[in-house]
Amino acid sequence: MWERKLHCYLHTNNGNPWLMFNPVKVEELWDSPHIVQFYDVITSAEVDKIKKLAKPRLFRAIHFEDKEDSEVFQKAAYRITKVSWLNDTSGPVIAKLTRRISEITGLSMNTTEELQVANYGVGGEYPPHLDVASEDDHRKRMYDHPDGERIATFLIYLSEVEEGGGTAFVRAGVAAKPIKGSAVFWYNMYPSGDIDIRTFHGACPVIIGNKWASNKWIRELGESFHRQCKLDRNADNRIF
Ligand SMILES: O=C(O)CCC(=O)C(=O)O
Ligand SMILES: [Fe+2]
């Protein structure tokens, strides 16, 4: 049995004024790759508002299919979930959440994606994957994006799940529990810019209940001045 030195903290993000009087509870789930879970990042009332905004816009998750003769978006057979996308103008609750994610992570929100809200019914799942495209896809320039890659993921649970529905980091060997109002956070890329394949993860099937989760993906470009480069090419990720 491995022993890891994992801790729980009250997180102020180095004395961020917004967090000094209201620090965020954080639990380290794993140390390398560094994966943490923040608690009570969003209230129940805010969750209700987000679901209300998301519900009429939910559609079956799709993925990009790059075939010899066609490039099309198709329903993802492997990703059994409905999603919708909300931006900061969709409602004040979304803009406030975006700001809070910035305070907690210390990252800029200038090059983030819209908030993705996902709803998984019984049997809903998302098999293990990376949130970034593979090195191979990049070599083929398949998923190039003007804001760069998804440097980090902030995954918020908008519900509990009676049975199943955790997020399993299958290479690290650790899983996060869907606890309503909490958020799992990790870097998908090393400080060097290399992809951290140890972040391979998936949404376990929902066995009993109904799962709501929300992704805020943070892209590289806006973080040029927010995420320290390291002198060591092989430096590991640390969130704090
Ligand atoms: O819902 C989860 O637990 C994980 C979802 C996920 O990994 C994704 O949407 O990329
Ligand atoms: Fe993911």
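Residues numbered from 1 in each chain as written. Chains lettered and ligands numbered in written order. Predicted model: local features only at pLDDT ≥ 70, side-chain atom pairs only at ≥ 80, totals over all residues. Heavy atoms only, no water.

Under the annotation held in an unreviewed UniProt entry, the protein chain carries the name Fe2OG dioxygenase domain-containing protein and is attributed to Ciona savignyi. UniProt annotates the protein chain under Cofactor (unreviewed entry) with the comment "L-ascorbate". (UniProt positions renumbered as here; feature names shortened; annotations may be inferred.)

The space that makes up the second largest pocket amounts to roughly 390 Å³. What lines the second largest pocket is a set of 18 residues, among which Tyr187, His226, Gln228, Arg238 and Ile239 lie closest to the centre. Counted by class, the lining of the second largest pocket contains 6 nonpolar, 8 polar and 4 charged residues. (1 Å grid on protein atoms, 1.4 Å probe; cavity = no way out; pocket = protein on both sides within 12 Å on 5 of 7 lines; lining within 4 Å. Points joined across faces, edges and corners; volume = space filled by probe spheres on them. Nonpolar A, V, L, I, M, F, W, Y, C, P; charged D, E, K, R; others polar.)

With that out of the way, let us pick up empty space enclosed by the protein. This structure, assessed with the given rule, holds 1 cavity of 30 Å³ or more. Here the largest cavity is characterised by a volume of approximately 140 Å³. Forming the walls of the largest cavity are 17 residues, and the residues nearest its centre are Tyr120, Tyr126, Leu155, His201 and Asn215. Contributing elements (two or more residues each) for the lining of the largest cavity: strand E8 (115-120), strand E9 (126-129), strand E10 (150-157), strand E15 (201-203) and strand E17 (211-219). When residues of the lining of the largest cavity are assigned to their parent elements, the largest contribution, 4 residues, is made by E17. A per-class count over the lining of the largest cavity returns 9 nonpolar, 5 polar and 3 charged. (Helix = DSSP H or I, 4+ residues; strand = E, 2+ residues; numbered from the N terminus.)

Moving on, we get to the packing of helix H2 (residues 44-54) against helix H3 (residues 92-105). How two helices sit against one another is set out by the angle between their axes and by the gap between those axes. Packing of H2 against H3 leaves a shortest axis separation of 10 Å and a crossing angle of 120°. The angle between H2 and H3 places the two elements in the oblique class. Seen from above, H2 lies across H3 with left-handed handedness. Contacts between H2 and H3 involve Glu46, Lys49, Ile50 and Leu53 on the former and, on the latter, Val93, Ile94, Lys96, Leu97 and Arg100. For the contact of H2 with H3, the residue count by class is 5 nonpolar, no polar and 4 charged. (Axes fitted to C-alpha atoms, helices over the stretch in contact; angles between N-to-C directions. Parallel < 35°, antiparallel > 145°, perpendicular 65-115°, else oblique. Left-handed = near helix turned anticlockwise from the far one by under 90°. Contact = heavy atoms within 4.5 Å.)

One pass over the full model with this rule turns up 11 salt bridges. For the salt bridge of Lys25 with Asp40, the shortest nitrogen-to-oxygen distance reads 2.9 Å. On the criterion of sequence distance, the pair formed by Lys25 in strand E2 (residues 24-31) and Asp40 in the loop between strand E3 (34-39) and H2 is long-range, its members being 15 residues apart. Among the residues examined, Asp40 registers a relative accessible area of 54% and is labelled exposed. The residue Glu103 makes a salt bridge to Arg99 at a minimum N-O spacing of 3.2 Å. With Glu103 and Arg99 both in helix H3, this residue pair falls 4 residues apart, about one helical turn. Among the charged side chains, a network of salt bridges with common partners joins Glu46, Lys96 and Arg100. (Salt bridge = Lys/Arg side-chain N within 4 Å of Asp/Glu carboxyl O. Buried < 20%, exposed > 50% of the residue type's maximum accessible area, 1.4 Å probe, protein only.)

Summarising the element assignment, Arg227 is placed in the segment after E17. Leave out the neighbours within four places in its chain, and Arg227 touches Ile151, Tyr187, Met189, Tyr190, Pro191 and Asn237.

On to the coordination of the iron ion (ligand 2). Around the iron ion (ligand 2), the protein contributes the donor atoms His129 (NE2), Asp131 (OD) and His201 (NE2), which lie 2.1 Å from the metal centre. Along the chain, the residues donating to the iron ion (ligand 2) are arranged with the sequence spacing H-x1-D-x69-H. In this structure, His129 and Asp131 share a single accessibility class: buried. (Donors = N, O, S within 2.8 Å, 3.2 Å for Na, K, Ca; no water.)

Moving on: the nonpolar core. By size, the foremost hydrophobic cluster in this structure holds 32 residues, and its most contacted members are Phe38, Val41, Ile50, Phe154, Ile156 and Phe185. Of all elements in the fold, only E2, E3, H2, H3, E8, E10, strand E14 (183-187) and E17 reach the threshold of two or more residues within this core. Of the residues forming this core, the biggest block, 5 residues, is contributed by H3. Once residues lying within four places of it in the same chain are set aside, the contact partners of Ile156 are Val41, Ile42, Leu97, Ile101, Leu115, Ser182, Ala183, Trp212, Ala213 and Ser214. Formed by 12 residues, the second largest nonpolar core is a distinct cluster that contains Leu29, Tyr157, Phe169 and Trp186. (Core = buried A, V, L, I, M, F, W, Y, C linked by side-chain atoms within 4.5 Å.)

Around ligand 1, 13 residues are found, and the nearest of them are Tyr120, Thr167, His201, Lys211 and Asn215. Asp131 has a polar side-chain atom sitting 3.2 Å from an oxygen atom of ligand 1. One of the side-chain nitrogen or oxygen atoms of His201 is found 3.0 Å away from an oxygen atom of ligand 1. Bound to the protein, ligand 1 loses 99% of the 290 Å² it would expose on its own. Applying the majority rule of atoms within 2 Å of the grid points places ligand 1 in the largest cavity. Listing elements by their share of the shell around ligand 1, those giving two or more residues are E9, E15 and E17. In terms of residue count, E17 provides more of the shell around ligand 1 than any other element does, 4 residues in total. Residues belonging to the shell around ligand 1 are distributed by class as follows: 6 nonpolar, 4 polar and 3 charged. (Near = heavy atom within 4 Å. Polar contact = N/O pair within 3.5 Å; in protein donor to acceptor, adjacent residues only side chain to side chain. Areas by Shrake-Rupley, 256 points an atom, 1.4 Å probe, with all protein chains shown as cover. Sits in = over half its atoms within 2 Å of the grid points.)

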